[in-house]
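Here's the letter readout for the chains.
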Amino acid sequence: MKIKSILILTLAAAFTAAGFAKDIELLNVSYDPTRELYVDYNAAFAKYWLAKTGDTVTVKQSHGGSGAQARQVIDGLKADVVTLALAADVDAIATNGKLLPADWQTRLPNNSAPYTSTIVFLVRKGNPKGIKDWDDLVKPGVGVVVANPKTSGGARWAYLSVWGFAQKKWGSEEKARAFTAAVYKNVPVLDSGARGSTTTFVQREIGDVLLAWENEAYLALKEFGADKFQIVVPSVSILAEPTVAVVDKVADKKGTAAVAKAYLEYLYSDEGQEIAARNYYRPRNPTIAAKYAANFAKVDLFTIDEVFGGWTKAQKTHFADGGVFDQIYAK
Amino acid sequence: MKKLTATACTLLFALTGFTAATAPAFAAEADDIQALREQISQLDQKLKILERKQELKDEAAATAAKAAPKITVTDKVISIASGDGANFLKFHALVQADARWFFNQSGALTANDAFLVRRARIFLDGQFNTNTTFLLVPDFAGSAPTLIDAYVNQAFTPQFQLRAGRFREPVGLEQLQSDSVADFTERSFVSQIVPNRDIGLQLGGDLFNGTLNYAAGVFDGVPDGQNNGAVAGTVTNTDADNNKDVAVRVFAQPFKNDSDSALHGLGFGVGATDGRQLPASGLAGYKTEAQQSVFAYRATSIIQGKTTRVSPQAYYYYGPFGLLGEYALSAIHARPSATGNEIELRNQAWQLEAGYVLTGEDAGYTGVVPKTVFDWNNGTWGAFEVVTRLDVLAIDKKAFAPNPPGLSLADPLANPSRITDYGLGLNWYLSKTVRASLDFYHGTFDLPGGTTTANTTKPLLRNSENALVTRFQISF
């Protein structure tokens, strides 16, 4: 047999055989309280993708404080997609890690935030300290449990809620600062992530009120019993917009860009929105939002743009090293 | 009755008086209890806060420990790595102490019965920033230290990796297998007619979720079975001519990701090279399995012109069973002298080897990992594997044909036209690190037309070769 024939035949066999198998693995790097959401969603997406393309997708999850997770990605964690608590953390990946373009937020609807949430209070059953609104958090003897806003996305939203309430009530940055400082004086321990602060409040029985993601509060009720805790909805809170993005450089390298994009787009589908709603995230789709309206308390929500001029400004002013939070929490 | 009523009244009066007198004391006590309860509650909170703070401190310390540099010393590697694993240096070594014993060939040998150090290598490999790796391997087994491998690998993606330096050309299946895990102490004839280590630049990677590996490179070019710089008349780290060889290999493992499939351990592919060699490149000879020099071209013969090799190859591993087969065709152009005619030679080799791990461990291309470590006192013996091999080297008849007006490329009276070798071996894996091997090689020689065992000028060719090769090896 001629050399050329041997070469061509074996090459053809090798390429044909290798082309059959296609198992795809994605890594979704997310923040603390989304564990349950993405367990449900990943299963649904895998089923959808298998039916659509015949390929098997396995999505691995990584969870932690949103800021800490962003740093992990910047430092080399091979995330195909990030689903973080706030846009500033994805911005950090774009700016400091150069792993996706600066305009990432325009690539998906609703500024790449397929669902929203807010901050509510979780108190012990019977609300023994009578906590009804943000003012009550500064009362002497009230223990407030919340995570560290330097590492936790949820905690940043909580901090901004405190500040926003005060600014709206008294119309002064100075008063807002004093009020926020007073609230944080009542914080006995700062966890690094939202799930950690839930553990502190629920399992370690520390404090009187947990400043929690809405979905995290409902999950705590479901898991630990409505006979032990209750949710208190304050008069006003912030509209939290967790954002999602494909980490282009990683996905391109791994050859997973197309499926990673489809994975995030499917969050906006009816099934994706239903799963979000069932996990106590507020869906963007108005029809599905109406269907699950009873799951969510009516609360006056303000946006970060409205009170703080956007994430970039809020991040720099409040959470950068030496920023306002560092100044008021220096104990 | 009156008396009873009076007594009751007296008692009631006394009780009322007592109650009135003691009520403030009870109230004060209740306040105290309440205060104590609150105090206990506060202390309980303080204690819980302290405990939680300690818990968080411990978690932070554990996270910091993960980030700290790690020193690892195991029975497979000694390494220093950064906490995130992105950077590391690893130190390995390979020592092979062999003995070769030849039977029924008194006076006919081209090699002696001997103890020898076959390989004595130190491996230093490392990684920087996850994607850049290097390997540096010197060998101290020869009369002078030799550089075996020295390359840098830049992984842009798993599918796209660039390698530069000195390393094995991507052609032969057994040739690409690590020296420490090959089934036999010595490689087959196939490895003698595909190139060994060369200096060049290679692009390679894994496609389709690791089921297809490819490599394509440009190299200085080496004769059959040779290393760059290992041929007399050439100097390490230089090329003897301006021509370059191109080497390409693709290898598929279609069921690699399906661990339940019976074909999980199937792999097959093909490697090939193409290039041109100038006279200074030399013409390589061949050795028997027991490393006796058995074939050599005439000293006046020179390689000149196009060199092409192709090697289809496959392996299959299923549990303790392993099978590896490959074929290689080497087409070279040579002249019996600088002024002689150019002749195309098509030398061929093939091999089929099979192994079975008697102690039940999985066989594999990357070796056998014993379930137990040899320990006389505890009665554990490690793993045992039997291996067998049949391989053939066939020299093109044109190598022996007279080439008017000059001589043939190879002396037909002093060289075989075909060697067939049967190998049988036993490997004892005392641990992951230590291995002992005992191989018996039986080689038979076919002689070119007109040559007989009576008129051959090389005594080695008058009988078959029977040799026992033993090895005691440490590899980590």
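No experiment lies behind these values; they were computed from the predicted model shown.

Thresholds applied
Residues numbered from 1 in each chain as written. Chains lettered and ligands numbered in written order. Predicted model: local features only at pLDDT ≥ 70, side-chain atom pairs only at ≥ 80, totals over all residues. Heavy atoms only, no water. Contact = heavy atoms within 4.5 Å. Buried area = accessible area lost by both parts, 1.4 Å probe. Salt bridge = Lys/Arg side-chain N within 4 Å of Asp/Glu carboxyl O. Polar contact = N/O pair within 3.5 Å; in protein donor to acceptor, adjacent residues only side chain to side chain. Helix = DSSP H or I, 4+ residues; strand = E, 2+ residues; numbered from the N terminus. Nonpolar A, V, L, I, M, F, W, Y, C, P; charged D, E, K, R; others polar. Patch = residues over 30% accessible without salt bridge, like charges linked within 9 Å, V, L, I, M, F, W, Y side chains within 5 Å. Areas by Shrake-Rupley, 256 points an atom, 1.4 Å probe, with all protein chains shown as cover. Lys, Arg positive; Asp, Glu negative; His and termini not counted. Charge placed at Lys NZ, Arg CZ, Asp CG, Glu CD. Pairing = 2+ DSSP bridges. Axes fitted to C-alpha atoms, helices over the stretch in contact; angles between N-to-C directions. Buried < 20%, exposed > 50% of the residue type's maximum accessible area, 1.4 Å probe, protein only. Core = buried A, V, L, I, M, F, W, Y, C linked by side-chain atoms within 4.5 Å. Domains from an automatic or database assignment. pLDDT = per-residue confidence, 0-100. Phe/Tyr/Trp six-rings, centres within 6.5 Å; stacked < 30°, edge-to-face > 60°. Lys NZ or Arg CZ within 6 Å of the ring centre and 35° of its normal.

**Side note on the interface of chain B and chain A**
Counting from both sides, the interface comprises 31 residues of chain B and, opposite them, 26 residues of chain A. Carbon and sulfur atoms supply 66% of the area buried between chain B and chain A, which totals about 2500 Å² over both sides. At the boundary of chain B with chain A, the tally comes to three salt bridges. Note that Arg52(B) is salt-bridged to Asp191(A), the shortest N-O span being 2.6 Å. Our enumeration of links across chain B and chain A arrives at eight residue pairs in polar contact (both at pLDDT 80 or more). Secondary structure elements with two or more residues in the side of chain B that touches chain A: α1 (2-67), β6 (146-157), β10 (245-252), β11 (265-277), β15 (305-318) and β16 (321-335) of chain B. Looking at the side of chain B that touches chain A, its residues break down into 17 nonpolar, nine polar and five charged.

**Regarding a positive patch on the surface**
Residues Lys78(A), Lys98(A), Lys249(A) and Lys253(A) make up a contiguous surface patch of positive charge. Of note, Lys78(A) is situated in the loop between α3 (66-74) and β3 (81-84).

**A word on the sheet that holds strand β9 (residues 229-232) of chain A**
Residue and element names in this part refer to chain A. Sheet architecture is open: five strands sit in the order β7-β6-β8-β5-β9, paired in mixed fashion. Two strands in the sheet have a free side with no partner beyond their single neighbour: β7 (190-191) and β9. Strands in contact with helix α8 (residues 194-203) are β5 (119-124), β6 (144-147), β7, β8 (209-213) and β9; relative to β6, the strand with the most contacts, it is inclined by about 155°.

**Notes on the side chain of Ser30(A)**
Residues and elements named next belong to chain A. Summarising the element assignment, Ser 30 is placed in strand β1 (residues 23-31). Relative accessible area serves as the criterion here: at 0%, Ser 30 is assigned to the buried category. Separated by 2.7 Å, the side chains of Ser 30 and Thr 34 make a polar contact. Among the polar contacts listed, one links the side chain of Ser 30 to the backbone oxygen of Thr 83, at a separation of 2.7 Å. Once you skip the residues sitting within four places of it in the chain, Ser 30 turns out to touch Tyr 38, Ser 62, His 63, Gly 64, Gln 69, Thr 83 and Leu 84.

**Some remarks on the nonpolar core**
Residue and element names in this part refer to chain A. Among the nonpolar cores identified, the biggest contains 92 residues, and Val 82, Trp 134, Leu 211 and Trp 311 are the most heavily contacted of them. By residue number, the principal contributor to this core is helix α6 (residues 153-170), which donates nine residues. When residues are assigned to domains, this core turns out to be shared by domain 1 (3-116 + 241-295) and domain 2 (119-239 + 299-329), each giving three or more. Excluding its chain neighbours within four sequence positions, the residues that come into contact with Val 82 are Asn 28, Val 29, Val 73, Val 90, Ile 93, Thr 243, Val 244, Ala 245 and Val 247.

**A few points about the confidence of the model for chain A**
Detailed reading of the predicted coordinates is not advisable wherever pLDDT is low. When pLDDT is averaged across chain A, the result is 90; 93% of the residues are at 70 or more. When mean pLDDT is taken per element in chain A, strand β11 (residues 243-246) of chain A scores highest with 97 and helix α1 (residues 3-20) of chain A scores lowest with 56.

**Details of the confidence of the model for chain B**
For chain B, the average pLDDT comes to 88, and 89% of its residues sit at 70 or higher. In the predicted structure, residues 230-235 of chain B sits below a pLDDT of 50 and forms six contacts with residues beyond four places in sequence or in another chain.

**Comments concerning the packing of aromatic side chains**
A complete count under the given rule lists 46 aromatic pairs over all chains for this structure. Ring geometry for Phe167(B) versus Phe219(B): centroids 5.6 Å apart, planes at 70°, classification edge-to-face. With Phe167(B) in strand β7 (residues 160-168) and Phe219(B) in strand β9 (residues 212-219), this residue pair connects regions lying 52 residues apart in the sequence. Owing to a relative accessible area of 1%, Phe167(B) belongs among the buried residues under this scheme. By relative accessible area, which is 0% here, Phe219(B) ends up buried. Here Phe184(B) and Tyr441(B) contribute two aromatic rings whose centre-to-centre distance is 6.0 Å and whose plane-to-plane angle is 40°, an arrangement assigned as tilted. Of the two residues, Phe184(B) is situated in the loop between β7 and α2 (190-193) and Tyr441(B) in strand β20 (residues 434-446); the sequence distance between them amounts to 257 residues. Classification of Phe184(B) as buried rests on a relative accessible area of 3%. Put simply, the rings of Tyr38(A), Tyr41(A), Phe45(A), Tyr48(A), Trp49(A), Tyr263(A) and Tyr266(A) pair up and form one aromatic cluster. Its guanidinium or amino end placed over the ring of Phe201(A), Arg124(A) lies 4.1 Å from that ring's centre, counting from NZ or CZ. Against the face of Phe88(B) rests Lys90(B), its NZ or CZ located 4.6 Å from the ring centre.

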